[in-house]
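Chain by chain, the residues run as shown.
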Amino acid sequence: MEKRVVFRSAWLPFVLVAPQLAITVVFFFWPASQAVWYSFQLQDAFGLRSQFVGLQNFYTLFKDSNYLLSFRTTAVFSVAVAGIGIALSLLLAVMADRVVRGAMAYKTLLIWPYAVAAAVAGVLYAFMFAPSIGIVTFMLRQFGVHWDWVINGNQAMLLVIMAAVWNQISYNFLFFLAGLQSIPKSLIEAAAIDGAGPARRFWSIIFPLLSPTAFFLLVVNVVYAFFGTFGIIDAITQGGPAQSTTILVYKVYHDGVKAADIGGSSAQSVILMAIVIALTVVQFRYIERRVQY
Amino acid sequence: MKVRLLAAAAAVAGAFAFPAHAQVEVQWWHSMGGALGEALNGLANQFNAEQKDYKIVTSYKGSYPESMTAAIAAFRAAQAPHILQVFEVGTATMMSAKGAIKPVYQLMKEAGEPFDPKAYLPTVTGYYSDLKGNMLSLPFNSSTALFYIDRNKFKAAGLPPVAPKTWKQVVATAEKLKAAGQDCVYTTGWPSWVHIENFSAWHNIPIGTRQNGMGGLDAVFTINSPTHVKHIQMLSDMAKKGLFTYAGRTNQADAKFQSGECAMATISAGALGGTIKAGKTDWQLNVLPYHDDVKGAPQNGIIGGASLWVMSGRKAEEYKGVAKFFTFLSRPEVQMEWHIKTGYVPITLAAYELTKKSGFYDKNPGRDTAVLQLTNKAPTANSKGLRFGNFVQGRTIIEEELEAAFAGKKTAKVALDAAVKRGNELLRQFEAANK
């Protein structure tokens, strides 16, 4: 039997959800609609002259091969950040869950990086991997690796992926650990008695039971890779060298905030918004079907 | 009882806050952090102490782009400051914002303050004036790109401690330094500013049509000329041979030189303070190298740095305070102190002469190199400065393409052709938005 709460008054439910609605309208719908409106305009920086140009901002963007290139950059970056981030934290969570002695210490240490702001994480990595003076660069040189991400695009990409994954791992870890701990021990013990090895137990029992958590994290991590990583990019590479780390959200920031190109930047954020909405819909429609709640 | 006490306290506080003779406050938003910020506040305090009618209130608003963004947002909300420090690449944007700014020549005229554009260094005036010679903003902190060498490194390699004059000599010297085991031989800051903008002026070749964009919004970039291609290709070849270490798009090269890592660097004159403070190099300041097969080279350098723009929509009384402050800032002794303290160039000829007379350059050889480079010859249409719309993005594009060339992903010709094509699209967009 489903439990239902019945409100006697007609307006009370509306009053109760009003604060939440107000926040959504003020902080999401209003700015989003502004972005859509500006994306159809050509404006000078001070907003003294603006003209309606229809889809011209979008046309300019899609004519620009470099903008199209940044889609590929974003795809590589997001898949890597979400994929590596989830896989690595799952591994860490499973390991931490098995540890008996000193479990608290391991867990605390693994959760720690989440307290580091994205921009600070970026600066940390920029220092550790700084060409010629970074400590990691120094070690790499001992192995004969020439590390110079300031001019080598692939290395720059690798560096921002590492920093972004590192910054997000704790969050994923926390959720996986909670998920693991909510799996009844009796299930795993029963499987063990039946003769299933650790790998078999993981793939047949633990992983399916973790799938709601994994799905949630997939959605969150994709959104993180698309939007949340901008601080790291800004602190380390500013989109360079050439354009090897210019992901879509960074270009929105650069064009809008640094270069005061309101129309072009708004058009880009409208496109970005559409992509993330589409991705989320796909995730919920197709991937969620395979999730076992 | 308590309420009455509070009211009394408020009244007393109010009496102190608003003296009978009200001071007019002038807001100044700037981007000078650290030691430079202290020097800037020193200027404001000195002005505030000298007279009682006006009070300059400074606020640090972050980096140059951040200050500009803050001011644009403030203007849109009708809360703009009186004075805004804007970096040189934002000049075209400010100049086109006709309703948002008050040209400095007009401000000075209305306030009845004496103002002579000829008193300033011609390269500085040119950068911030319209074609009729009216100064639209007041030059404040101006620098130029200089060629630094570390004589210790030269001596260690058995070379005479003399800076190479031409790029050909730079390459030859670089090869010798490399052969002697020097890891980072040459590096550069601000790739577009040094190797495209200053490079063009120094060789008297245009960066764009229409007098580098000063003559109209319909200018196009011309940075894919054979001379430009040759120079960038030379740098790419140097990078391949390990003679040129790329450092990044802004001032990352400063640290590379100051720490004693690199033997030669083309970085801002403003990096001198940090170089002295670091104390790890036997530094020497020189004018930029040039290609001796280019006719007329070297011409003169162009400035970087920022100028002060006056925002519109304030009271005449307040503008009078701004004008008085600008007169104060242009005073030779004020300029001289700023020049010596910060390493920026003195913006008036009188200040330069005064510094010379004070014996500062004799005691500190090389400190006048920046001025000498800026005034090497009377500026031409190619070397007066530049004014391109959307140039914040424009510079990013140039730097992206330069990086592709330095990494060996593109030839110099392909990279510069792409920079011109992409840059011109931005110029057309700016033209359409500012018609």
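Note that residues are indexed from 1 along each chain, following the sequence as it is written. To label them, take the chains in the order written and letter them from A, then take the ligands in the order written and number them from 1. Whole-chain, interface and lining totals are the exception, using all residues; otherwise, since this is a predicted model, local features are given only for residues with pLDDT of at least 70 and side-chain atom pairs are given and counted only at 80 or more.

**Points about the overall build of chain B**
On a plain count of helices and strands, chain B comes out with 20 helices and 11 strands. Projecting the C-alpha coordinates of chain B onto the three principal axes gives extents of approximately 85 × 50 × 45 Å. Three exposure classes are used. Buried residues have 20 or more other C-beta atoms within 10 Å of their own C-beta, exposed residues have 12 or fewer, and partly exposed residues fall in between, all C-beta atoms being placed from the backbone. Per-residue burial over chain B gives 53% buried out of 435 residues. Two residues form a contact once the distance between their C-beta atoms, set from the backbone, is within 7 Å. Taking all contacts inside chain B whose residues are at least 6 apart in sequence as the whole, residues at least 24 apart take part in 75%. The helix and strand labels rest on DSSP assignments: H or I over at least four residues marks a helix, E over at least two residues marks a strand, and numbering proceeds from the N terminus.

**Brief notes about the sheet that holds strand β8 (residues 244–246) of chain B**
Residues and elements named next belong to chain B. The criterion for strand pairing is that DSSP finds at least two bridges linking the strands in question. Pairing is mixed across the open sheet formed by 5 strands, whose spatial order is β8-β7-β9-β6-β10. Two strands bound the open sheet, and with one partner strand each, they are β8 and β10 (283–286). Taking the axes of each pair of neighbouring strands and ignoring which way they run, one obtains an average angle of 25° across the sheet. In this analysis, axes come from line fits to C-alpha atoms, helices being fitted only over the stretch in contact, and the angle between any two N-to-C directions falls in the range 0 to 180 degrees.

**Re the nonpolar core**
If you look at the biggest cluster of nonpolar residues, it comprises 183 residues, and the most contacted ones within it are Y148 and Y186 of chain B. The dominant element in this core, judged by the number of residues it contributes, is helix α7 (residues 153–181) of chain A, at 13 residues. When buried Ala, Val, Leu, Ile, Met, Phe, Trp, Tyr and Cys residues are joined through C-beta atoms within 7 Å, the set is termed a nonpolar core.

**Quick look at helix α16 (residues 349–357) of chain B**
Residues and elements named next belong to chain B. Residues of α16 that are buried: A351, Y352 and T355. The buried residues of α16 occupy an angular sector of 100° when the element is viewed end-on, so they sit on one face. Taken from the residues just after α16, G359 is the one with a positive phi, measuring 85°. To obtain the arc, one takes the directions from the helix axis to the C-beta atoms.

**Side note on the interface of chain B and chain A**
Taken together, the 31 residues of chain B in the interface contact 27 residues of chain A. Counting residues per element, the ones that place at least two in the side of chain B that touches chain A are α3 (64–76), α4 (91–96), α19 (391–406) and α20 (412–433) of chain B. By residue class, the composition of the side of chain B that touches chain A is 14 nonpolar, 10 polar and 7 charged. Lys, Arg, Asp and Glu make up the charged group, whereas Ala, Val, Leu, Ile, Met, Phe, Trp, Tyr, Cys and Pro make up the nonpolar group; the residues left over, Gly among them, are polar.

**Focus on the confidence of the model for chain B**
As a note on interpretation, predicted positions should not be read in detail where pLDDT is low. All names here are of chain B. Summarising the model, chain B shows a mean pLDDT of 91, and 95% of its residues fall at 70 or more. Known as pLDDT, the predictor's per-residue confidence is scaled from 0 to 100. Taken together, the stretch residues 10–20 has pLDDT below 50 and engages in 0 contacts with residues farther than four places along the chain or on a different chain. Our summary of model confidence lists the complex with pTM equal to 0.87 and ipTM equal to 0.84.

**Focus: the pairing of strand β6 (residues 145–150) of chain B**
Burial analysis of β6 of chain B places 6 of its 6 residues in the buried class, which makes it a mostly covered element. Residues of β6 of chain B alternate between two faces, with A145, F147 and I149 of chain B on one and L146, Y148 and D150 of chain B on the opposite face, all of them buried.

**Points about the environment of A278 of chain A**
Mapped onto the elements of the fold, A278 of chain A is located in helix α12 (residues 262–287). It is 33 Å that separates the C-alpha atoms of A278 of chain A and N152 of chain A, two residues lying 126 residues apart in sequence.

**Structural notes on the environment of F7 of chain A**
Residues and elements named next belong to chain A. Within the secondary structure, F7 is located in the segment before α1 (12–38). Each C-alpha atom of the pair F7 and M139 lies 67 Å from the other, and the pair is 132 residues apart in sequence. Leave out the neighbours within four places in its chain, and F7 touches L12 and P13.

**Re the packing of helix α9 (residues 191–202) of chain B against α19 of chain B**
Any two packed helices are characterised by how steeply their axes cross, that is the angle between the axes, and by the distance between the axes. Residue and element names in this part refer to chain B. Taken N-terminus to C-terminus, the directions of α9 and α19 make an angle of 90°; their axes are 9 Å apart at the nearest point. In terms of orientation, α9 lies roughly perpendicular with respect to α19. Mapping the contact onto sequence places P191, S192 and I196 in α9 and R395, I398, E399 and L402 in α19. When grouped by side-chain class, the residues that make up the contact of α9 with α19 number 4 nonpolar, 1 polar and 2 charged. Working rule for angles: under 35 degrees goes down as roughly parallel, over 145 as roughly antiparallel, 65 to 115 as roughly perpendicular, anything else as oblique.

**Things to note about the packing of helix α4 (residues 103–111) of chain A against α7 of chain A**
Residues and elements named next belong to chain A. Contact geometry of α4 with α7 gives a least axis separation of 8 Å together with a crossing angle of 140°. The orientation of α4 with respect to α7, classified from their angle, is oblique. Where α4 abuts α7, its residues K107, L110 and I111 lie against S170, F173, L174 and L177. Tallied by class, the residues present in the contact of α4 with α7 amount to 5 nonpolar, 1 polar and 1 charged.

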